[in-house]
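Listed here are the chains, written in short residue letters.
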Amino acid sequence: NIDINNLIYLRSEAGSYCVLYFTDGTKEVVSKSMNHFENLLPSERFHRIHRSHIVNITAVRKFDSQTSEVLLLNDEIMTVSVRKKAGLKQKIAANQ
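Just so you know, these numbers come straight off a predicted model, no measurement behind them.

Peer 1: Please clarify how the pattern of salt bridges should be interpreted in this entry.
Peer 2: Pairs can form between side chains of opposite charge once their charged atoms are near each other. Taken as a whole and judged by the stated rule, the model has three salt bridges. Residues Asp75 and Arg61 are paired through a salt bridge, measuring 2.6 Å at the closest nitrogen-oxygen approach. Pair noted here: Asp75 is in the loop between strand E7 (69-72) and strand E8 (77-79) and Arg61 is in strand E6 (residues 60-64), with a separation of 14 residues, a long-range link. Taking relative accessible area as the criterion, Arg61 reaches 48% and is therefore assigned partly exposed.

And the structure:
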């Protein structure tokens, strides 16, 4: 059972594995695909920013649309793909 309130982001790994990163610094490897999580997680709160990453909108500290990068609560910086940028902007605005 995943605590989505403390989930910062997910990263896909080779095959159909994902690594889940949490606010307490822990991570968990799960043998499920990104598509599985994309369908499972509430879409108003989570957004696939890239082929290999889904972020929790509430964990986005800053989004720079010039560089297409997000700064997350854990100080990680991730690149947002061009096709995912507009949807991310909308979800961030809706969650403020």
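So, next bit.
Peer 1: Can you walk me through the sheet that holds E7 in this structure?
Peer 2: Reading across from one edge, E6-E7-E8 is the order of the three strands in this open sheet, with antiparallel pairing throughout. The two strands at the open ends of the sheet, each matched to only one other strand, are E6 and E8. When strand polarity is set aside, the average angle formed by the axes of neighbouring strands in this sheet is 20 degrees. The sheet contact formed by E6 and E7 spans four bridges and is antiparallel.

Procedures and definitions
- Residues numbered from 1 in each chain as written.
- Predicted model: local features only at pLDDT ≥ 70, side-chain atom pairs only at ≥ 80, totals over all residues.
- Heavy atoms only, no water.
- Salt bridge = Lys/Arg side-chain N within 4 Å of Asp/Glu carboxyl O.
- Helix = DSSP H or I, 4+ residues; strand = E, 2+ residues; numbered from the N terminus.
- Buried < 20%, exposed > 50% of the residue type's maximum accessible area, 1.4 Å probe, protein only.
- Pairing = 2+ DSSP bridges.
- Axes fitted to C-alpha atoms, helices over the stretch in contact; angles between N-to-C directions.

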